[in-house]
Amino acid sequence: MILRSLRLKNFMPYRGEHKIDFRVAGNRNVTVIYGDNMRGKTSLLNGLRWALYGEVLGRHLKKIPLRDILNKDAAHERDFVVQAGLTFEHRGSEYEIVRTLRPKSLIDTPRDDDHFEESCTMRRQGVPVSAHLIESEINHILPESIARFSLFDGELLQEYEQLVADATEQSDKIRDAIEKALGVPALLNGRAHVAELLHRAQKQFTKEGLKGSQHGKLEQQTQTELEDARRELSRLQELHSSATAEAEEIGDKLTNLSRAEGVKARIEESQRQRERATAARDRALSRRRELAPKAWLALITSSLMARREEVELELGDASSRLQAISENRVVARLRAESASAGKCGICAQALSEEAAAALREPMDDSGHTSFDHVANVVAELSRNLSRLRTLGGTDVRSEITQAEREFDRSTVDINRFQAREDELLAQIPGVDLSELGRLTERRDSLQREIGRQTTLIAAQQTKCTSLQKKYDVLVNNAAGGQHGATQQIALKVRLLSALSEIFEKSIENLRHKLRDVVEKSATATFKRLTTEKHYRGLVINDRYGLEIRDHLDRLVSVRSAGAEQIVALSLIDGLSHASGGAGVLVMDTPFGRLDLKHRAEVLGYLPKMAQQVVLLVHEGELSKDRDLVHINDYVAASYEIERLSPTQSTIEKR
Amino acid sequence: VADDYALRALVEVRDQLNAPVPDDLLSRILAVEQAHAFDEDQDVALREVDSLIDNQLRAGQKA
């Protein structure tokens, strides 16, 4: 299969019509589509899947409801028609598939999957294919179970890691898908068909040729026992299958609930932070209210400061003058006392008449008389300064500003936490966490039941095999002595018995061969892609899991994320070689875990992995300047997914 | 490619068992099974295989 074009209308983020042409011209077989996260890369992959299989997959390969594939803006504008048109070439024929989703008649505003109807048309070489044959035709071109190896996202690469782990339900499912890709179902179905035909022939043989005889009675009895045993086996298998399906469903629910628990814890943490921010905002509001009556001071702060400086200077001056006056008064008193006593008041030395006369001379007492006045001035200035300091002692302006900032910051925080809580709540709509305990108990009970049923099924299978052998021997012995029409049936029984044994034993033979081919091919790819060139290669297990062997053929038990990705890509390539390949390889975000050297190795090899390669990548994993040079000669077309709004993207050719 | 492996597996087992089943019959049955491997309804494949076996028996009788 080689893709020609994909046209999407109102499909997920693609409002209106958008088209991509996938060109292959000579060596140029790679189409690169760039898009940042959440722009619509996986939606493009899903557009392909939906066109082919009418199915859209989300994370962990979960089906997305049809109502969610309708573009939100289109729905808002009451344009409810979604369409995907895919053209491709397969074995020389041109195909066109158009899948359409539209509201059922009488539904005005579709809100649920039941409100939509889906239709699909297909043309081969321009000629319409009957509606009832479309699914079968697609299954012949690229069966859905095989498509996972050609239309896959990076997440799927991680899934293959499970193949090397112990057998799990998931690894069994992947193994089954791999065997489907490799053609094992043809032999499995052949075995079932031959067994069914053998069973019918044996029944007919018994009816026609051996009624009434002793041998016939024994045969009939054995046949009845065999049929009863088969019915019981079918009943047990149905119970097992139903319990397994329920356990899987519960497992999915539990995964969601565990995730929801994590989300709820984050919501509660956000609520606590929001409460703290609310308390901080209330404090800021209260402080702002306290400061409001003093706000007028902020307006005269500069005048107050200037006046305070003036008064401080005046007070300093007046205090100096008061000090000088006090000192003069002390000196005058000492002179008068010394002149009166005739000796120095300090050292008691006798004074001459002239000296005493000089001391009696009056001092300049201009300050003496002003002492009280100056003291009053100093006291007045001190009071004024104290009042001014009270008024201008706190910086009201900066305090108000600080309270405003705190209020704004807290308000932003509250809104931020509220938005985060809304976003987290939207992730777990209608989740009832109280179900967690009940579901866990139910799942554990189912797992015990499944274990018990597995044992019973194995025992019943052994019983069926034993009865079948006994019956075969009886029929074959009887067939030896028959003639005419009965002999004809006997020949058919013999031929079918031989075919039954051949098909039974061929299945394991084929699996062995395929594992060998996949291992050799994957090893060759791995050695080409890995930067650890001394590794001996890969070894396959019975679930198609691949283990790395080092240069001494020892198991490399600890593998990096990048190594896992290289092994997974090698497995894809090995499977592609063993199955003949689907022709096209569409990879969504495949380089996420690779370092630069591995990325270069993989890029260099990608164009050779399939006839056509479509890469859906973001700039972070595949730089246009640094990485694309490795495949420049192979790039046939390049596109970019551009964001128009949170709900709309468009595809532009580069 | 996988088709070749399947036929080879059938022929190898047939040879090991020394079963009287011709290559041609194995090849035809396998072709039917491969064509209908992914059909939801397997009745068509079952009928076609039955018809191949009846034809084989008739051809054997004539011979």
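Treat the numbers as computed from the prediction; the structure is a model and nothing was measured. (Residues numbered from 1 in each chain as written. Chains lettered and ligands numbered in written order. Predicted model: local features only at pLDDT ≥ 70, side-chain atom pairs only at ≥ 80, totals over all residues. Heavy atoms only, no water.)

## Digging into the interface of chain B and chain A
Taken together, the 35 residues of chain B in the interface contact 37 residues of chain A. Across the interface of chain B and chain A, roughly 3,000 Å² is buried in total on both sides, 72% from carbon and sulfur atoms. The largest per-residue losses of area from chain B upon contact with chain A belong to Y5, F38 and L46 of chain B, which jointly make up 23% of the total buried on that side. Between the two partners, chain B and chain A, sit three salt bridges. Between K492 of chain A and D54 of chain B there is a salt bridge; the shortest N-O distance is 2.9 Å. Across the contact surface, chain B and chain A share eight residue pairs in polar contact (both at pLDDT 80 or more). Elements represented by at least two residues in the side of chain B that touches chain A include exactly α1 (2–17), α2 (23–35) and α3 (43–62) of chain B. Ranked by residues supplied to the side of chain B that touches chain A, first place goes to α1 of chain B with ten residues. Here the side of chain B that touches chain A is composed, by residue class, of 23 nonpolar, five polar and seven charged. (Contact = heavy atoms within 4.5 Å. Buried area = accessible area lost by both parts, 1.4 Å probe. Salt bridge = Lys/Arg side-chain N within 4 Å of Asp/Glu carboxyl O. Polar contact = N/O pair within 3.5 Å; in protein donor to acceptor, adjacent residues only side chain to side chain. Helix = DSSP H or I, 4+ residues; strand = E, 2+ residues; numbered from the N terminus. Nonpolar A, V, L, I, M, F, W, Y, C, P; charged D, E, K, R; others polar.)

## As for unusual backbone geometry
Residue and element names in this part refer to chain A. One non-glycine residue, M12, lies in the positive phi region at around 50°. Looking at the element boundaries, M12 is found in the loop between β1 (2–11) and β2 (14–21). By relative accessible area, which is 17% here, M12 ends up buried. A positive phi angle is found at D553, which is not glycine, with a value near 65°. Mapped onto the elements of the fold, D553 is located in the loop between β10 (546–549) and α15 (561–579). On the basis of relative accessibility, which here comes to 37%, the residue D553 falls in the partly exposed class. (Buried < 20%, exposed > 50% of the residue type's maximum accessible area, 1.4 Å probe, protein only.)

## Concerning the packing of α15 of chain A against helix α16 (residues 596–609) of chain A
All names here are of chain A. At a minimum axis separation of 12 Å, α15 and α16 run at an interaxial angle of 15°. Taken together, the axis directions place α15 and α16 in an arrangement best described as roughly parallel. When the axes of α15 and α16 are compared, the crossing they make is left-handed. Across from I566, L569, I572, D573, S576 and H577 in α15, the residues of α16 making contact are H598, V602, Y605 and M609. Class assignment for the residues of the contact of α15 with α16 results in six nonpolar, three polar and one charged. (Axes fitted to C-alpha atoms, helices over the stretch in contact; angles between N-to-C directions. Parallel < 35°, antiparallel > 145°, perpendicular 65-115°, else oblique. Left-handed = near helix turned anticlockwise from the far one by under 90°.)

## Focus: the confidence of the model for chain B
All names here are of chain B. Summary statistics for chain B give a mean pLDDT of 88 and a share of 92% for residues scoring 70 or more. For chain B, the element scoring lowest by mean pLDDT is α1, at 88; α2 scores highest, at 93. In the predicted complex, the global pTM is 0.59; the interface-specific ipTM is 0.96. (pLDDT = per-residue confidence, 0-100.)

## Some thoughts on the confidence of the model for chain A
On average, residues of chain A carry a pLDDT of 85, and 93% of them reach 70 or more. When the elements of chain A are averaged for pLDDT, helix α5 (residues 154–159) of chain A gives the smallest value, 65, and strand β5 (residues 93–103) of chain A the largest, 96.

## Some points on the environment of V24 of chain A
Residue and element names in this part refer to chain A. By secondary structure assignment, the location of V24 is in the loop between β2 and β3 (30–34). The partly exposed category is assigned to V24, whose relative accessible area is 34%. The spatial distance from the C-alpha of V24 to the C-alpha of I2 is 8.4 Å, given a sequence separation of 22 residues. Apart from residues no more than four positions distant in its own chain, V24 is found in contact with I2, N29, Q611 and Q612.

## Focus: the side chain of K41 of chain A
All names here are of chain A. Here K41 shows up in helix α1 (residues 41–53). Within the buried set, K41 has no salt-bridge partner at all; the shortest N-O distance to an opposite charge, 5.2 Å, is to D588. Only 3.4 Å separates the side chain of K41 from the backbone oxygen of D36, close enough to count as a polar contact. Residues within four places of K41 in sequence aside, it is in contact with Y14, I33, G35, D36, D588, T589, L616, V617, H618 and I641. (Lys, Arg positive; Asp, Glu negative; His and termini not counted.)

## Looking at the sheet that holds β2 of chain A
Residues and elements named next belong to chain A. Strands sit in the order β2-β1-β4-β5-β6-β7 across an open sheet of six strands; the sheet is antiparallel. Two strands in the sheet have a free side with no partner beyond their single neighbour: β2 and β7 (127–128). Pairing of β1 with strand β4 (residues 82–90), which is carried by seven bridges, proceeds in the antiparallel orientation. Directly across from L8, in β4, lies its bridge partner A84. Against the sheet, helix α3 (residues 131–141) makes contact with β4, β5 and β6 (116–124), and its axis sits at roughly 60° relative to β6, the strand it touches most. (Pairing = 2+ DSSP bridges.)

## Let's talk about the packing of aromatic side chains
All names here are of chain A. Counted under the stated rule, the structure contains three aromatic pairs over all chains. On the basis of an interplanar angle of 5° and a centroid distance of 5.0 Å, the ring pair of F88 and Y95 is categorised as stacked. Just as F88 is buried, Y95 falls in that class too. Sitting over the ring of F371, R329 keeps its end group 4.8 Å from the ring centre. Over the face of the ring belonging to Y544 we find R515, whose NZ or CZ atom lies 6.0 Å from the ring centre. (Phe/Tyr/Trp six-rings, centres within 6.5 Å; stacked < 30°, edge-to-face > 60°. Lys NZ or Arg CZ within 6 Å of the ring centre and 35° of its normal.)

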